[in-house]
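A look at the structure
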Amino acid sequence: MKIFDYIDKRVPSLEGKTFVVTGANSGIGLEVSRQLLFKGANLVMACRNLEKANKVKDEFLKECPKSHIEILRYDQASFSSIEEFAKTLENRKIDCLILNAGIYHSTNDLVTQDGYPLTIGTNYLGAYYLLEKLRNSLTNGNIKRVVVTYSLVNVFGKTKHYEKYLLYVKRKPNKTYNISKRMNYHLAANLKSEYPSLEVVLTHPGIARTNIIKSDNCSFKWWFKVAGDRFLKTFANSAKKSAICTLFAATLPFSKPLPVVYPRGIFHYIGLPKISSRKVDKIKDEQLALISKKIISN
Ligand SMILES: NC(=O)c1ccc[n+]([C@@H]2O[C@H](COP(=O)([O-])OP(=O)(O)OC[C@H]3O[C@@H](n4cnc5c(N)ncnc54)[C@H](OP(=O)(O)O)[C@@H]3O)[C@@H](O)[C@H]2O)c1
């Protein structure tokens, strides 16, 4: 399948529109950025590693020389970096903020710059903190849409003990990742309840071959990373194909309050995008929001 032909037929021109992508220098973030540029969007790459981001920007400019691309430093595992980033976005018109940055399976004892368990601190708490810091833009309509990236494994991440997982580090890495992605699901639902006129879209990429298990953050042994990557090469979607779910989530019109875009193939692991919607689990959503608010105000 020619991915760009497929996209071209389904996604309207994005000329004059601005998209902010967190984690835009690798995997799904990189590929969705490429697809957005192909449709004429202005791109803000929010990345912690500026060297990597600049290399990717050069690659993009070779492909689409007239593109408007800006790189902003953004570390979702650091409250001070998030604050600085949010200040830079203040008063700017953003058609869509794509919350994509994330890590998988970090070692138990790693923490964020502010001392929270690394996986949940990055995947959920950092994203939550950013949205708190962007409160004005979410209220006054400067940000029109937010896309939240969760995962198929969120179904294994149900818990009644959010506080324990947000605060204490000695947890199983796999379970912690599942919980962080469940939290992303509730994050989206909370956002929709709190800002009814904001467009909020959930997306997951199924299983995608990206750098997520190869990254330094991932605690797998080297041989498991190699074997895992071979497995993903054979059985998973390419990052390019998975990114179409994020692209649709960021650009298509939706009629339901909390749409979700994910692969439509076997067990929703792979395939082209399918569009559905999710219910808002008010009690759980609010419980997580209250705990998160308490944590960040301490
Ligand atoms: N791949 C899958 O099968 C899969 C399945 C379900 C959900 N997802 C989700 O998809 C999203 C994208 O992951 P991917 O698969 O594309 O993995 P990836 O190739 O490893 O990309 C992850 C991106 O997030 C960035 N990132 C990590 N920690 C960050 C931090 N503290 N601050 C700012 N950026 C940070 C990385 O930056 P660096 O390059 O600096 O590390 C990278 O750009 C994640 O939210 C992941 O949970 C992936």
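Let me begin by describing the structure that accompanies this report. (Residues numbered from 1 in each chain as written. Predicted model: local features only at pLDDT ≥ 70, side-chain atom pairs only at ≥ 80, totals over all residues. Heavy atoms only, no water.)

Below, the discussion takes up the pattern of salt bridges. Once their charged atoms are close, side chains differing in charge can pair, the charge on each being opposite to the other. Overall, the coordinates contain 13 salt bridges when judged by the stated rule. Linking R145 and E199 is a salt bridge whose minimum nitrogen-to-oxygen distance equals 2.7 Å. Placement of the pair is R145 in strand β5 (residues 143-149) and E199 in strand β6 (residues 199-203), with a sequence separation of 54 residues. Ionic pairing is found between E163 and K294, a salt bridge with its closest N-O pair at 3.2 Å. Here K294 lies in helix α11 (residues 282-297) and E163 lies in helix α7 (residues 162-167), a separation of 131 residues in the sequence. One network of salt bridges, in which partners are shared, links E31, R34, E59, E63 and K240. (Salt bridge = Lys/Arg side-chain N within 4 Å of Asp/Glu carboxyl O. Helix = DSSP H or I, 4+ residues; strand = E, 2+ residues; numbered from the N terminus.)

Near the ligand, the surroundings consist of 29 residues, among which N25, S26, K52, Y177 and T210 are the closest. A distance of 3.3 Å separates an oxygen atom of the ligand from a polar atom in the backbone of G23. In this structure, T210 approaches the ligand through a side-chain N or O atom, which is 2.6 Å from an oxygen atom. Relative to its unbound accessible surface of 900 Å², the ligand loses 95% to contact with the protein. Contributing elements (two or more residues each) for the shell around the ligand: α2 (27-38) and α8 (173-194). Residue classes in the shell around the ligand are distributed as eleven nonpolar, 14 polar and four charged. (Near = heavy atom within 4 Å. Polar contact = N/O pair within 3.5 Å; in protein donor to acceptor, adjacent residues only side chain to side chain. Areas by Shrake-Rupley, 256 points an atom, 1.4 Å probe, with all protein chains shown as cover. Nonpolar A, V, L, I, M, F, W, Y, C, P; charged D, E, K, R; others polar.)

As a further point, take α8. The periodicity of an α-helix, 3.6 residues per turn, causes residues three or four places apart in sequence to face the same way. For α8, spanning 22 residues, the distance from its first C-alpha to its last is 31 Å, which sits close to the expected 32 Å at 1.5 Å a residue. Counting buried residues in α8 gives 18 out of 22 residues, a clear majority hidden from the surface. (Expected span 1.5 Å × (residues − 1). Buried < 20%, exposed > 50% of the residue type's maximum accessible area, 1.4 Å probe, protein only.)

Moving on: the layout of surface pockets. Within this model, the second largest pocket holds a volume of roughly 230 Å³. Lining the second largest pocket are 15 residues, with Y128, N190, L191, E194 and A289 positioned closest to its centre. Contributing elements (two or more residues each) for the lining of the second largest pocket: α5 (118-133), α6 (135-140), α8 and α11. In terms of residues, the lining of the second largest pocket owes the most to one element, α8, which gives five residues. (1 Å grid on protein atoms, 1.4 Å probe; cavity = no way out; pocket = protein on both sides within 12 Å on 5 of 7 lines; lining within 4 Å. Points joined across faces, edges and corners; volume = space filled by probe spheres on them.)

Right, let's talk about the pairing of β5 for a bit. The element β5 is largely enclosed, with a buried count of six among its seven residues. Pairing analysis gives five bridges linking strand β4 (residues 94-99) to β5, with the strands arranged parallel. Counted as the bridge partner of I94 is I143 from β5. Pairing of β5 with β6, which is carried by five bridges, proceeds in the parallel orientation. (Pairing = 2+ DSSP bridges.)

Next up on the list: the sheet that holds strand β9 (residues 259-263). Spatially, eight strands are ordered β3-β2-β1-β4-β5-β6-β9-β10 in an open sheet, and the strand pairing comes out mixed. Of all the strands in the sheet, the pair left with one neighbour each is β3 (69-73) and β10 (273-277). Taking each pair of neighbouring strands and ignoring which way they run, the sheet shows an average axis angle of 20 degrees. As paired elements, strand β1 (residues 18-22) and strand β2 (residues 42-47) share five bridges and run parallel to each other. Across the sheet, T22 pairs through a bridge with A46, a residue of β2. On top of the sheet, helix α10 (residues 239-251) reaches β1, β4, β5, β6, β9 and β10; it is set at about 155 degrees to β5, its chief contact. (Axes fitted to C-alpha atoms, helices over the stretch in contact; angles between N-to-C directions. Contact = heavy atoms within 4.5 Å.)

The next subject is α10. Across its 13 residues, α10 extends 18 Å between first and last C-alpha, which sits within 8% of the 18 Å expected from 1.5 Å per residue. Among the residues making up α10, those that are buried are A239, S242, A243, I244, C245, T246, L247, F248, A249, A250 and T251.

Let us now look at unusual backbone geometry. Even without being a glycine, N91 presents a positive backbone phi close to 65 degrees. Relative to the elements of secondary structure, N91 occurs in the loop between α4 (79-89) and β4. Here the phi dihedral of F267 falls at roughly 50 degrees; this positive angle occurs in a residue that is not glycine. Relative to the helices and strands, F267 resides in the loop between β9 and β10. Residue classification places F267 among the exposed residues on the basis of a relative accessible area of 61%.

What is shown is where atoms sit, not what they do.
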